[in-house]
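So you can see what is in the structure, the chains are spelled out below.
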Amino acid sequence: MSKLGCICGNTIVDQSNNLDNKAYFVRDQDYEKSENYAEDIESFINAVKNDSRDKWTEKYFGSEVYKNLSNSIVIQDIISRYKLKYESTIYQCKNCGSIKVQKGTTNIFASFKIEDNQNMDILKGITENDIEN
Ligand SMILES: [Zn+2]
């Protein structure tokens with residue numbers, strides 16, 4: 001998604017990282033599946049131990065590029081495959097505060113009107129000050 005029209009006439013632009021009006025979410029019914037990467041990581045570790053690392057990554061990812069990449073990148077990409085499969089996006093319009101929720105894996109977004117102007121930055125990142133110890 002790079003641009004999304006809002007009912008207020010504003011266009012929500014998504015062409016960079018670190019946006020303060022965008023978030024990702026996983027539906028509760030998909031959450032366990034999205035976290036189900038431990039067995040794949042264990043399988044990768046066993047392949048490394050058994051000197052079959054390159055064969056494993058080629059079969060798993062269908063690509064030879066992982067031969068030259070670090071183990072940490074391989075593990076990160078195993079996790080990403082699970083996350084991306086179930087992850088959806090939410091945006092908030094900075095003009096009117098409406099919330100846009102991605103429908104399933106489509107490019108269609110459902111729009112929800114905000115009830116007050118108190119939460120115009122609801123998707124802004126959490127800072128250290130926000131986290132209670
Ligand atoms: Zn709007």
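Because the structure is predicted, anything quoted here is derived from the model rather than measured.

### Quick word on the pairing of strand 5 (residues 99-102)
- The sheet contact formed by strand 4 (residues 87-92) and strand 5 spans three bridges and is antiparallel. Opposite Tyr 91, over in strand 5, you have Lys 100 as the bridge partner.
- Hairpin remark: strand 4 followed by strand 5, antiparallel, with six residues in the connecting loop; positive phi at Gly 97, about 85°.
- Two strands pair when backbone bridges link them, and strand 5 and strand 6 (residues 109-112) are joined in this way by four bridges, in the antiparallel orientation. Counted as the bridge partner of Lys 100 is Ser 111 from strand 6.
- Count of turn residues in the strand 5/strand 6 antiparallel hairpin: six residues, of which Gly 104 carries a positive phi of about 55°.

### A closer look at the domain arrangement of the chain
- Splitting the chain by domain gives domain 1 (2-24 + 89-112) and domain 2 (30-85).
- Of note, the centres of domain 1 and domain 2, computed from C-alpha atoms alone, are 31 Å apart.

### Some points on the coordination of the zinc ion
- Protein ligation of the zinc ion involves Cys 6 (SG), Cys 8 (SG), Cys 93 (SG) and Cys 96 (SG), the donor distances falling in the range 2.2 to 2.4 Å.
- One can describe the site at the zinc ion as tetrahedral: its four donor atoms subtend angles covering 104 to 113° at the metal.
- Along the chain, the residues that donate to the zinc ion are spaced as C-x1-C-x84-C-x2-C.
- For Cys 8, a relative accessible area of 33% puts it in the partly exposed group.

### Comments concerning helix 2 (residues 38-49)
- With twelve residues, helix 2 ought to run about 16 Å at 1.5 Å a step, and its terminal C-alpha atoms sit 17 Å apart, in line with that.
- For helix 2, the set of buried residues is Asp 40, Ile 41, Phe 44 and Ala 47. Each buried residue of helix 2 sits inside an arc of 115° when the element is viewed along its axis, so together they form one side. Exposed and oriented more than 90 degrees from the buried face of helix 2 are Ala 38, Glu 39 and Lys 49.
- Residues of helix 2 that are buried make contact with helix 3 (53-61) and helix 4 (71-86).

### Considering the pattern of salt bridges
- All told, the structure shown has six salt bridges when counted by the stated rule.
- Across the pair Lys 94 and Asp 20 runs a salt bridge, and its minimum N-O distance is 2.8 Å. Here Lys 94, found in the loop between strand 4 and strand 5, pairs with Asp 20, found in the loop between strand 2 (11-13) and strand 3 (22-26); they are 74 residues apart in sequence, far enough to count as distant.
- Its relative accessible area of 37% is what places Asp 20 among the partly exposed residues.
- Put simply, Lys 83 and Glu 35 hold a salt bridge, and the shortest N to O gap is 2.5 Å. Residue Lys 83 is found in helix 4, and its partner Glu 35 is found in the loop between helix 1 (28-34) and helix 2; the two are separated by 48 residues along the sequence.
- Judged by relative accessible area, which is 23%, Lys 83 ranks as partly exposed.

Parameters at a glance
Residues numbered from 1 in each chain as written. Predicted model: local features only at pLDDT ≥ 70, side-chain atom pairs only at ≥ 80, totals over all residues. Heavy atoms only, no water. Pairing = 2+ DSSP bridges. Helix = DSSP H or I, 4+ residues; strand = E, 2+ residues; numbered from the N terminus. Domains from an automatic or database assignment. Donors = N, O, S within 2.8 Å, 3.2 Å for Na, K, Ca; no water. Tetrahedral: all angles 85-135°; square planar, octahedral: opposite > 155°, others 65-115°. Buried < 20%, exposed > 50% of the residue type's maximum accessible area, 1.4 Å probe, protein only. Expected span 1.5 Å × (residues − 1). Arc of directions from axis to C-beta. Contact = heavy atoms within 4.5 Å. Salt bridge = Lys/Arg side-chain N within 4 Å of Asp/Glu carboxyl O.

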